[in-house]
Amino acid sequence: MAHNIATINGVRAFSGRTAAWHNLGRATGTFQTWAEMMANSQTDWNVVKERLQSIRGEQVDAFGVFRIEGDRRIFLGAVGNQYTPIQNIDQFSLVDAVLGSKNGAHYDAAGALGNGEKVWCLANIAEAFEVVPGDVHNTYLLFANSHDGSTAAQCGLTDVRVVCQNTLRLALSKNGQTFSKIRHTSNAAARMIAAEESMTSVVQDVHTLRDNLRLLSVRKVVREQAAAIFDRLFPKSENENASQSKRQNIITEILGNYESNDRNAFPEIRGTAYNLLNAVTEYTDHQRSARVTKDGYDQIKARSEAALFGTGAALKQEAIDVILKMTDGS
């Protein structure tokens, strides 16, 4: 099962109102409330933390997180004594609180991966914009949580460029971070409240991104600028062999995307800093190699997760910062 979507109560744990998003599942419906979305995405369950036992039935100094499914307990992962679970309903409640002040906002998709080790939900906050006429960007609130101790819960804004389904994470203006991270500790509840407060200015964050992208769309990039940008994003190594060859292959792929300009979907942005940013995000979301470290994952799934939460997301954030700075005055 390369997609790694969980099967819970005999049903695929994914539901959404639009096409499969970042290879995470299949769209199956339209849902407006958190209760509908949780029920239809098979994420309306709780987890418990329990002390683990040895094969002799003796308690050991380790704990496990288990998904409750009727009378069964499905093991999700081993955690430490300080680990505090964040229930699925808590993440949907946080998203609901943010959506409550946004007319027209609605849940777009939700699902679980593996046996339920990771749960995520996506909500459209009804703040679409265009960089140039016809070049539509949609903005979503994304919350993802792990129940196996692998990552902190994460909540923040994600921008999707419709023509190519490339994603960018938006910096939250209140604390300067791209996403709010909520660690599974005893103060997790307080951190959830803080995350909600940090996103009260979501509209301003979206408008800031829109203005920056429009600014890039009128900045022409010269050869020297492009070379300097690549040097910042992909620093040269002292090793002139394998690493340099890999670096050159990456740059060649990005330049190919840059020349294609999304098959010239919007000719007016050809040769601009915005065109270059799109080339980097296309490489990161659809071409970049990714380490497959989990059972049931393949390159596509590993790349998709990295593009949203890991090294790929960090690269795209660095790209927009570097390109904005190094094309200033163009």
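As a reminder, the structure under discussion sits directly above these lines.
Model, not experiment: these values are computed from the prediction. (Residues numbered from 1 in each chain as written. Predicted model: local features only at pLDDT ≥ 70, side-chain atom pairs only at ≥ 80, totals over all residues. Heavy atoms only, no water.)

## Observations regarding the layout of surface pockets
Rule in force here: A pocket here means an open set of points on a 1 Å grid, computed over the protein atoms alone, that has protein on both sides within 12 Å along at least five of seven lines. A cavity is instead a set of points where a 1.4 Å probe fits but cannot get out; residues with an atom within 4 Å of a point line either one. Grid points are joined across faces, edges and corners, and a volume is the space filled by probe spheres set on the points. Any residue that is not Ala, Val, Leu, Ile, Met, Phe, Trp, Tyr, Cys, Pro, Asp, Glu, Lys or Arg is counted as polar, Gly included; the first ten are nonpolar and the last four charged.
Roughly 610 Å³ of internal volume is contained in the largest pocket. In terms of residue class, the lining of the largest pocket is made up of 11 nonpolar, 8 polar and 7 charged.

## A short note on helix H5 (residues 223–233)
Spelled out, the test is: Each residue is assigned to one of three classes by its accessible area relative to the maximum for its type, calculated with a 1.4 Å probe on protein chains only: buried under 20%, partly exposed between the two thresholds, exposed over 50%. Secondary structure follows DSSP: runs of H or I at least 4 residues long count as helices, runs of E at least 2 residues long count as strands, and numbering of each begins at the N terminus. Here, the arc refers to the directions that run from the helix axis to the C-beta atoms.
Among all positions of H5, only Gln225, Ala226, Ile229, Phe230 and Leu233 are buried. Buried residues of H5 fall within an arc of 135° about the axis and therefore sit on the same side. Residues of H5 that are exposed and point more than 90 degrees away from the buried face comprise Arg223 and Glu224.

## Description of the environment of lysine 301
Mapped onto the elements, lysine 301 comes out in helix H8 (residues 299–309). The exposure class of lysine 301 is buried, given its relative accessible area of 2%. For the pair lysine 301 and alanine 290, spaced 11 residues apart in the sequence, the C-alpha separation amounts to 9.0 Å.

## Considering unusual backbone geometry
One non-glycine residue with positive phi stands out, namely alanine 126, at about 60°. Counting through the fold element by element, alanine 126 comes out in the loop between strand E8 (118–124) and strand E9 (129–130). Within the chain, aspartate 262 stands out as a residue other than glycine whose phi angle is a positive 50°. Mapped onto the elements, aspartate 262 comes out in helix H6 (residues 242–264). Under the relative-accessibility criterion, aspartate 262 is labelled buried at 15%.

## A look at the packing of aromatic side chains
To be explicit about the condition: Only the six-membered ring of Trp is used, alongside the rings of Phe and Tyr, when aromatic pairs are assigned; centres must lie within 6.5 Å, and planes under 30 degrees apart are stacked while those over 60 apart are edge-to-face, with the rest tilted. Think of it as a cone above the ring: NZ of Lys or CZ of Arg counts as a charge over the ring if it is within 6 Å of the ring centre and within 35 degrees of the ring normal.
Considering all chains together, one arrives at 1 aromatic pair under this definition. Across from the ring centre of phenylalanine 63, 4.9 Å away, lies the NZ or CZ of lysine 49, which sits over that ring. Positioned over the ring face of tryptophan 45 is arginine 67, at 5.5 Å from the centre of the ring.

## Regarding the pairing of strand E10 (residues 136–146)
Using the following cut-off: Strand pairing requires that DSSP identify at least two bridges connecting the strands.
Counting buried residues along E10, 10 of its 11 residues qualify, which places the element largely inside the surrounding structure. Judged from the 7 bridges that link them, E8 and E10 form a sheet pairing that is antiparallel. Across the sheet, tryptophan 120 pairs through a bridge with alanine 144, a residue of E10. Judged from the 2 bridges that link them, E9 and E10 form a sheet pairing that is antiparallel. Bridge pairing in E10 links phenylalanine 129 to histidine 137. Counted along the chain from E9 to the antiparallel partner E10, the turn is 5 residues long, and its residue glycine 134 has a positive phi close to 95°. Sheet topology note: the E10/strand E11 (residues 153–161) ladder contains 8 bridges and is antiparallel.

## Comments concerning helix H9 (residues 311–326)
Each α-helix turn comprises 3.6 residues. Residues three or four places apart therefore point the same way. Stated precisely, the cut-off is as follows: Multiplying 1.5 Å by the residue count of a helix minus one yields the expected span of that helix.
Taking 1.5 Å as the rise per residue, H9 with 16 residues should run 22 Å; its terminal C-alpha atoms sit 22 Å apart, in good agreement. By the burial criterion, the buried members of H9 are Gly312, Ala313, Leu315, Lys316, Gln317, Ala319, Ile320, Val322, Ile323 and Leu324.

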